[in-house]
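What the coordinates show
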Amino acid sequence: MCLNQTPPIQQTCCATNKLCHEGRLSLGCSVGTAALVLLPSVPQIYFGVVPKEWGAVLWGPVLYYALINLIIRFILRQNDYQIAIRASFLGFVGATSILLICFAPCVWKQFGVYGFFMAFFHYTEFLAIAWSNPKSLSADSFMLNHSWSYAAAATASWLEFILEVYLLPEFKSFYYVWLMGVVLCTFGEIVRKTAIFTASISFTHLVQYEKSGDHKLITHGIYAFARHPSYVGWFWWSIGTQFILLNPICILIYTVVSWKFFHDRIYCEEYTLLNFFRNDYKTYQDTVPTGLPFIKGFILE
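What you see is a predicted model; the values in this text were computed from it and never measured.

Procedures and definitions
Residue positions are counted from 1 within each chain, in the order its sequence is given. Predicted model: local features are reported for residues with pLDDT of at least 70 only, side-chain atom pairs are reported and counted for 80 or more only, and whole-chain, interface and lining totals are derived from all residues. Where side-chain values are given, they derive from all heavy atoms of the structure, hydrogens and water being excluded. Values of pLDDT, which run from 0 to 100, indicate the predictor's confidence residue by residue. Secondary structure elements are taken from DSSP: a helix is a run of H or I of four residues or more, a strand is a run of E of two residues or more, and numbering for both begins at the N terminus. Here a pair means two rings of Phe, Tyr or Trp (six-membered ring of Trp) with centres within 6.5 Å. Their orientation is stacked below 30 degrees between planes, edge-to-face above 60, and tilted elsewhere. Relative accessibility thresholds used throughout: buried, under 20% of the residue-type maximum; exposed, over 50%; partly exposed, between the two (1.4 Å probe, protein chains only). Multiplying one less than the number of residues by 1.5 Å gives the expected span of a helix. Patch criteria: residues need more than 30% relative accessible area and no salt bridge. Like-charged residues are merged within 9 Å; nonpolar side chains of Val, Leu, Ile, Met, Phe, Trp and Tyr are merged within 5 Å. Residue-level accessible areas treat just the shown protein chains as cover; the underlying method is Shrake-Rupley with a 1.4 Å probe. Should a side-chain nitrogen of Lys or Arg be within 4 Å of a carboxyl oxygen of Asp or Glu, the pair is scored as a salt bridge. Orientation is described by lines fitted to C-alpha atoms, with helices fitted over the stretch in contact, and by angles between N-to-C directions that extend from 0 to 180 degrees. Less than a right angle of anticlockwise turn of the near helix away from the far helix marks a crossing as left-handed, whereas a clockwise turn marks it as right-handed. In what follows, residue pairs with any heavy atoms lying within 4.5 Å of each other are defined as contacts. Each residue receives one of three labels: charged for Asp, Glu, Lys and Arg, nonpolar for Ala, Val, Leu, Ile, Met, Phe, Trp, Tyr, Cys and Pro, and polar for the others, Gly being one of them. All domain edges in this entry derive from an automatic or database-based domain assignment. Summed over both partners, the accessible surface that disappears when two parts come together, traced with a 1.4 Å probe, is what is meant by buried area. Polar contacts, as used here, are pairs of N or O atoms within 3.5 Å; protein pairs need one atom able to donate a hydrogen and one able to accept it. Residues neighboring in sequence count only if both atoms are side-chain atoms.

**What about the confidence of the model for the protein chain?**
The pLDDT averaged across the protein chain works out to 89; a share of 90% of its residues lies at or above 70. Here helix α2 (residues 42–47) stands out as the element of the protein chain with the lowest mean pLDDT, 72, in contrast to helix α8 (residues 229–245), whose mean of 98 is the highest.

**Looking at the packing of aromatic side chains**
Scanning the model with the defined rule gives 25 aromatic pairs in all. When the ring of Phe111 is compared with that of Phe161, the centres are 5.2 Å apart and the planes differ by 35 degrees; the resulting orientation is tilted. Of this pair, Phe111 sits in helix α5 (residues 106–132) while Phe161 sits in helix α6 (residues 148–167), and the two are 50 residues apart along the sequence. Between Phe121 and Trp237, the ring centres sit 4.0 Å apart and the planes meet at 20 degrees, which makes this aromatic pair stacked. Taken together, the residues Phe121 in helix α5 and Trp237 in helix α8 connect sequence positions 116 residues apart. Note on Phe121: relative accessible area 1%, which makes it buried. You can call Trp237 buried: its relative accessible area is 2%. One aromatic cluster in this structure is built from Phe121, Tyr150, Tyr231, Trp234, Phe235, Trp236, Trp237, Phe261 and Phe262.

**Here's the deal with α8**
With 17 residues, α8 should cover 24 Å at 1.5 Å per step; its first-to-last C-alpha distance of 25 Å lies within 8% of that length. In terms of burial, α8 is a largely internal element, 16 of the 17 residues being buried. Phi turns positive, to about 55 degrees, at Leu246, one or two residues after α8.

**A closer look at a nonpolar patch on the surface**
Together, Trp158, Ile162, Leu163, Tyr166, Leu167, Leu168 and Phe171 give the surface a local cluster of nonpolar side chains, amounting to about 710 Å² of exposed area. Following the sequence through the fold, Trp158 ends up in helix α6. Residue Trp158 is classed as partly exposed on the basis of its relative accessible area, which comes to 35%.

**Some details on the environment of Leu19**
With respect to the secondary-structure elements, Leu19 resides in the segment before α1 (21–38). In this structure, the C-alpha to C-alpha distance between Leu19 and Trp131, residues 112 residues apart in sequence, is 5.3 Å.

**What about the packing of α1 against helix α4 (residues 78–103)?**
Two numbers describe how α1 lies on α4: the axes approach to 7 Å, and their chain directions differ by 35 degrees. For the element pair α1 and α4, the recorded crossing hand is right-handed. Here α1 contributes His21, Glu22, Leu25, Ser26, Cys29, Ser30, Thr33, Ala34, Val37 and Leu38 to the contact with α4, which in turn contributes Asp80, Ile83, Ala84, Ala87, Ser88, Gly91, Phe92, Ala95, Ile98 and Leu99. Residue classes in the contact of α1 with α4 are distributed as 12 nonpolar, 6 polar and 2 charged.

**Details of the pattern of salt bridges**
Enumeration according to the criterion identifies 8 salt bridges in this entry. Between Arg192 and Glu125 there is a salt bridge, and its shortest N-O distance comes to 2.7 Å. One end of the pair, Arg192, is in helix α7 (residues 175–199); the other, Glu125, is in helix α5, with 67 residues separating them in the sequence. Like Arg192, the residue Glu125 is buried in the burial classification. Among the salt bridges present, the one from Glu269 reaches Arg265, with a minimum N-O distance of 3.6 Å. Of the two residues, Glu269 and Arg265 both sit in helix α9 (residues 248–277), 4 residues apart, roughly one turn of that helix. Glu269 sits in the partly exposed class, given a relative accessible area of 21%. Connected via shared salt-bridge partners are Glu125, Glu189, Arg192 and Lys193.

**Comments concerning the domain arrangement of the protein chain**
Splitting the protein chain by domain gives domain 1 (18–139) and domain 2 (146–300). Here domain 1 and domain 2 have C-alpha centroids that lie 24 Å from each other. With 20 residues of domain 1 at the contact, the number on the domain 2 side is 31 residues. A combined buried area of about 2300 Å² lies between domain 1 and domain 2, and 71% of that area is made up of carbon and sulfur atoms. Considering only the side of domain 1, the residues that lose the most area to domain 2 are Gln110, Tyr114 and Phe117, jointly responsible for 28% of the buried surface there. Scanning the region where domain 1 abuts domain 2 turns up 2 salt bridges. Of the charged contacts in the structure, one is a salt bridge between Lys193 and Glu125, with a shortest N-O distance of 3.0 Å. Our enumeration of links across domain 1 and domain 2 arrives at 11 residue pairs in polar contact (both at pLDDT 80 or more). Residue composition of the side of domain 1 that touches domain 2, grouped by class: 13 nonpolar, 6 polar and 1 charged.

As structure tokens, then:
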């Protein structure tokens, strides 16, 4: 993934197989915020009490989140603040999504499912790097500021969903289709995070143009089945989000644009990998596919 990221955070307590300080901070802020947002609604969720005005359920969480943000701003500074505020935001989004699933009308429940998958994906991106390769960790590891095109694509999917809810509500009634989206997103998450943990210190969100001393060619585990499993997971996850929303236009656009992005990305990345690992990578290319349909990567003639 080609990202413009801030410099890696100076790590503290990043021993092997131990979650570093930044990881523990993010976990506490994300889970803590989610718990505080959900706690007042636990009796309603438990007893299945749905308020007449379901939107009113969200006002309390918004106020709690605003208060949590003030507390974070007061007690934390610099990098810790940047991490905490992002983790807290994702915890809030995840918790609010659960409230939508529990209390919103049927047509809006799938937006809650979508929101939960979005929050989970972005938070676990940070947490996975915090565990597997903390030296490359930064506040941008949440990937919330991936690129303007990523933000535009997300915004377009929200607009399509809202417009179709009000203008073409029948598009949102095929629940077995958005359940297929849940399967795709779950599959994508598992594949991508497995790839990150398998590659460990060789995985980074930054494009590597120079080979570092600890950069190794990973060919075992999930990498024995696909050369780019992290991209495979992200590809199917991104398409799955649109199946969840039942966005027919964005399903098509996401499929085409994601395929083009990863086609070009893999082509460029494999040129670099061939320079890094030469014949070893050429042999790997000959025996293992990229994992994405109709994408061959950079092939030496």
